[in-house]
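This is what each chain is made of:
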Amino acid sequence: MGVIRQARDRRIHLVGPGGAGKSTIGILLAERLDMPFIDLDKRFHEREGDISDYLRRCGYDPYVRRNVEVYRSIAAAENGVIALSSGFMTYPYEVHPCYIESRAAIAESRGTFVLVPSFDFEACVVEIVRRQIQRPLGLLASNEEAKIRQRFSIYMALPATKVETMRSPDETVMEILDALQSTGHRDEP
């Protein structure tokens, strides 16, 4: 498959709310493309420790600034399938001097995919809350509902391909591979 050869030395970004399937889909997609899978949250954790602890110690704005720096260090040196943090594309523009540039490059790339369970707002909210509270993270349904209600329109406004994930992961990966093939994805390294 030509898309596999083209994608090997490139970046694919997966964007979306927590619980959308970015990690699950990203791991499978990376395997199919013979590329590394890079989870931004895990990279942050490797460099700074637990995100919840970091947020308690330092606050949200310092976390966001540092997360942008971690992403930029990955983008400067590595290629692969990158699962972004759920809020990454929703940060305030002034949070970091290079955020607007990074966000625009991600948003406009043919290799960026917005993952949501459903394009229907209410169905998406219900499914995200269901998925998030099943995770062993101690998340509150009310907080997760507020987050997806606030962020859904931001995700959907991004000029990237949207993909529904309320189906098998393999079907979702096939849709992304088909989209990469049809666009002749050759993103900047």
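The shown structure was predicted, so the numbers you read here are calculated from the model rather than taken from an experiment.

### Concerning the packing of aromatic side chains
Here is step 1 of the chain: Counted according to the given criterion, the structure contains 10 aromatic pairs.
Here is step 2 of the chain: Between Phe 44 and Tyr 63 the ring centres are 5.0 Å apart and the planes differ by 70°, which places this aromatic pair in the edge-to-face class. In this pair, Phe 44 sits in helix H3 (residues 40–48) while Tyr 63 sits in helix H5 (residues 60–77), placing the two residues 19 residues apart along the sequence. In terms of burial, Phe 44 and Tyr 63 fall into one category: buried.
Here is step 3 of the chain: Seen from their ring centres, Tyr 60 and Tyr 91 are 6.5 Å apart, and the 80° between their planes marks the pair as edge-to-face. Pair noted here: Tyr 60 is in helix H5 and Tyr 91 is in the loop between strand S3 (80–83) and helix H6 (99–108), with a separation of 31 residues, a long-range link.
Here is step 4 of the chain: Through successive ring pairs, a cluster of aromatic residues spans Phe 44, Tyr 54, Tyr 60, Tyr 63, Tyr 71, Phe 88, Tyr 91, Tyr 93 and Tyr 99.

### Quick look at the sheet that holds S3
Picture the strands of a sheet paired through backbone hydrogen bonds; they go either parallel or antiparallel.
Here is step 1 of the chain: Taken together, the five strands give an open sheet; going across it, the order is S2-S3-S1-S4-S5, and neighbouring strands pair in parallel fashion. Edge positions in the sheet fall to strand S2 (37–39) and strand S5 (161–164), since each has one partner strand and no second. Direction aside, neighbouring strands of the sheet carry axes that sit 25° apart on average.
Here is step 2 of the chain: Two strands pair when backbone bridges link them, and strand S1 (residues 11–15) and strand S4 (residues 112–116) are joined in this way by three bridges, in the parallel orientation. Bridge pairing in S4 places Leu 14 opposite Phe 113.
Here is step 3 of the chain: Set on the sheet, H3 makes contact with S2 and S3; between it and S2 the angle comes to about 65°.

### Observations regarding the nonpolar core
It is characteristic of soluble globular proteins that their nonpolar side chains tend to be buried jointly.
Here is step 1 of the chain: In terms of nonpolar packing, the biggest core is built from 49 residues, with Ile 12, Leu 84, Phe 88, Phe 113 and Ile 176 touching the most fellow members.
Here is step 2 of the chain: For this core, the leading source of residues is H5, giving seven residues.
Here is step 3 of the chain: In this structure, Phe 88 is in contact with Leu 40, Asn 67, Val 68, Tyr 71, Tyr 99 and Ile 106, ignoring residues within four places of it in sequence.

### Topic: the environment of Glu 171
Here is step 1 of the chain: Residue placement: Glu 171 occurs in helix H9 (residues 169–183).
Here is step 2 of the chain: Spatially, the C-alpha atom of Glu 171 lies 31 Å from that of Arg 72, the residues being 99 residues apart in sequence.

### As for the environment of Ile 74
Here is step 1 of the chain: Looking at the element boundaries, Ile 74 is found in helix H5.
Here is step 2 of the chain: Judged by its relative accessible area of 0%, Ile 74 is buried.
Here is step 3 of the chain: For the pair Ile 74 and Ile 38, spaced 36 residues apart in the sequence, the C-alpha separation amounts to 8.6 Å.
Here is step 4 of the chain: Sequence-distant contacts of Ile 74, defined by excluding residues within four places in its chain, comprise Ile 38, Leu 40, Arg 43 and Ile 82.

### Details of helix H2 (residues 22–33)
One turn of an α-helix holds 3.6 residues; hence residues three or four places apart share an orientation.
Here is step 1 of the chain: Helix length check: H2, at 12 residues, gives a terminal C-alpha distance of 16 Å against a target of 16 Å (1.5 Å per residue), a fit within 8%.
Here is step 2 of the chain: Buried within H2 we find Lys 22, Ile 25, Gly 26, Leu 29, Ala 30 and Leu 33. For H2, the arc enclosing every buried residue in end-on projection is 130°, short of the 170-degree limit, so these residues lie on one face.

### Regarding the confidence of the model for the chain
Here is step 1 of the chain: On average, the chain scores 90 in pLDDT, and the residues at 70 or more come to 91%.
Here is step 2 of the chain: Note that residues 1–9 has pLDDT below 50 and, in this model, 20 contacts with residues that lie over four places away or in other chains.

### What to know about the packing of H2 against H9
Here is step 1 of the chain: Relative orientation of the contacting elements H2 and H9 amounts to 55°, with a least axis distance of 9 Å. As far as their axial angle goes, H9 and H2 are oblique. The hand of the H2/H9 crossing is right-handed. On H9, the residues that touch Thr 24, Ile 25, Leu 28, Leu 29, Arg 32 and Leu 33 of H2 are Pro 169, Asp 170, Thr 172, Val 173, Met 174, Ile 176, Leu 177 and Leu 180.
Here is step 2 of the chain: When its residues are assigned to classes, the contact of H2 with H9 shows 10 nonpolar, two polar and two charged.

Calculation notes
Residues numbered from 1 in each chain as written. Predicted model: local features only at pLDDT ≥ 70, side-chain atom pairs only at ≥ 80, totals over all residues. Heavy atoms only, no water. Phe/Tyr/Trp six-rings, centres within 6.5 Å; stacked < 30°, edge-to-face > 60°. Helix = DSSP H or I, 4+ residues; strand = E, 2+ residues; numbered from the N terminus. Buried < 20%, exposed > 50% of the residue type's maximum accessible area, 1.4 Å probe, protein only. Pairing = 2+ DSSP bridges. Axes fitted to C-alpha atoms, helices over the stretch in contact; angles between N-to-C directions. Contact = heavy atoms within 4.5 Å. Core = buried A, V, L, I, M, F, W, Y, C linked by side-chain atoms within 4.5 Å. Expected span 1.5 Å × (residues − 1). Arc of directions from axis to C-beta. pLDDT = per-residue confidence, 0-100. Parallel < 35°, antiparallel > 145°, perpendicular 65-115°, else oblique. Left-handed = near helix turned anticlockwise from the far one by under 90°. Nonpolar A, V, L, I, M, F, W, Y, C, P; charged D, E, K, R; others polar.

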